[in-house]
Every structure is written in C-alpha cells, then in structure tokens.
Amino acid sequence: MNCGVAIQFLPMDAGDDDDEVCRIVDEVIAYIDSTGVDYYVGPFETTIEGDYDLCMEIVKNCQLVGAKAGCGHMMTYVKIDYRAEGDVMSTDHKIGKYHPTDAEFAPKEEASAA
C-alpha cells in the first residue's frame, strides 16, 4: 500500500439542510465502500488506503458521485500520503490504539482477542 488519502467532501449547495448534506456525503462514502479499498470514516473526512492510481481515481470519482446525487457545487479537500518506493503508514498503525473496540483498527493483539 503506497498511498493513503484523506478526503473531505463538502456539498456547498445543500444550505443549512443537515439531512441533505448527510445524504450526499453518504452517497460518496457508499461509493468508496464499493471500491473495495480499506477506508476509515471520521467525523470530518474519510481516509482511504491502497495503490496510488486507484486512490487518485477514487478521489476523481467522488466529485462525479456527488454530482449524480444532486450536488451542483462541491468542495473537496484532499491530503495525500504517497511513497514511490515502499509502503505508507496504515490507518491502523496511526490510530488503532485509540479505537480498541473497533476490531478492524484495533492493535493486532487486541483485535485477535475480540
């Protein structure tokens, strides 16, 4: 895994309608889920992990999925961790110890006990 990307997708034309914002963001997250990459949904962004080219394709498609969901104006903020040679640090390694009840991201010793 040579790439990790944090994606913050913001529907700009949903106004103050929190339900509409969540509906559109949920569509984008459902798309990310459908790609099969490892991902972690946080309160402000979703982090994906995988091959660089696949991650960049997913970033591009998030806008198209948002538009298909009815969003005409969106802002997307992206942070990219990339290594041309070797692997980047995984989400599990970065935050797993802070989420011991989440078996997927728990440290390996705790995950095997769950």
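Just so it is clear, the structure is predicted and the values come from calculations on it, not from any experiment.

## Digging into the pattern of salt bridges
Taken as a whole and assessed by the stated rule, the structure comprises 5 salt bridges. R23 is the partner of E20 in a salt bridge, and the nearest nitrogen-oxygen pair spans 2.8 Å. Here the residue E20 and the residue R23 both occupy positions in helix α1 (residues 18–34), the gap between them amounting to 3 residues, near one helical turn. Among the ionic pairs, D81 bridges to K94, the shortest N-O distance being 3.9 Å. With D81 in strand β4 (residues 74–82) and K94 in helix α3 (residues 91–95), the pair connects residues that are 13 residues apart, well separated along the chain. With relative accessibility at 42%, the residue K94 sits in the partly exposed group. Residues joined in a network through salt bridges with shared partners are E20, R23 and E27.

## Points about the sheet that holds β4
In spatial order, the strands read β2-β3-β1-β4; together these 4 strands make up an open sheet with antiparallel pairing. Lying at the two open borders of the sheet, with one neighbouring strand each, are β2 (38–41) and β4. Sheet twist, expressed as the average angle between the axes of neighbouring strands with direction ignored, equals 20 degrees. In this fold helix α2 (residues 52–68) packs onto β1 (3–11), β3 (46–50) and β4, with an angle of close to 10 degrees to the strand it touches most, β1.

## Thoughts on the nonpolar core
The biggest cluster of nonpolar side chains holds 18 residues, and the ones touching the most others in it are V5, I7, I32, I48, I58 and C62. Elements represented by at least two residues in this core include exactly β1, α1 and α2. Of the residues forming this core, the biggest block, 5 residues, is contributed by α2. Excluding residues that lie within four positions of it along the chain, I58 makes contacts with I7, Y31, I32, T35, V37 and I48.

Conventions used here
Residues numbered from 1 in each chain as written. Predicted model: local features only at pLDDT ≥ 70, side-chain atom pairs only at ≥ 80, totals over all residues. Heavy atoms only, no water. Salt bridge = Lys/Arg side-chain N within 4 Å of Asp/Glu carboxyl O. Helix = DSSP H or I, 4+ residues; strand = E, 2+ residues; numbered from the N terminus. Buried < 20%, exposed > 50% of the residue type's maximum accessible area, 1.4 Å probe, protein only. Pairing = 2+ DSSP bridges. Axes fitted to C-alpha atoms, helices over the stretch in contact; angles between N-to-C directions. Contact = heavy atoms within 4.5 Å. Core = buried A, V, L, I, M, F, W, Y, C linked by side-chain atoms within 4.5 Å.

Functional significance is not addressed by these values, which are geometric in nature.
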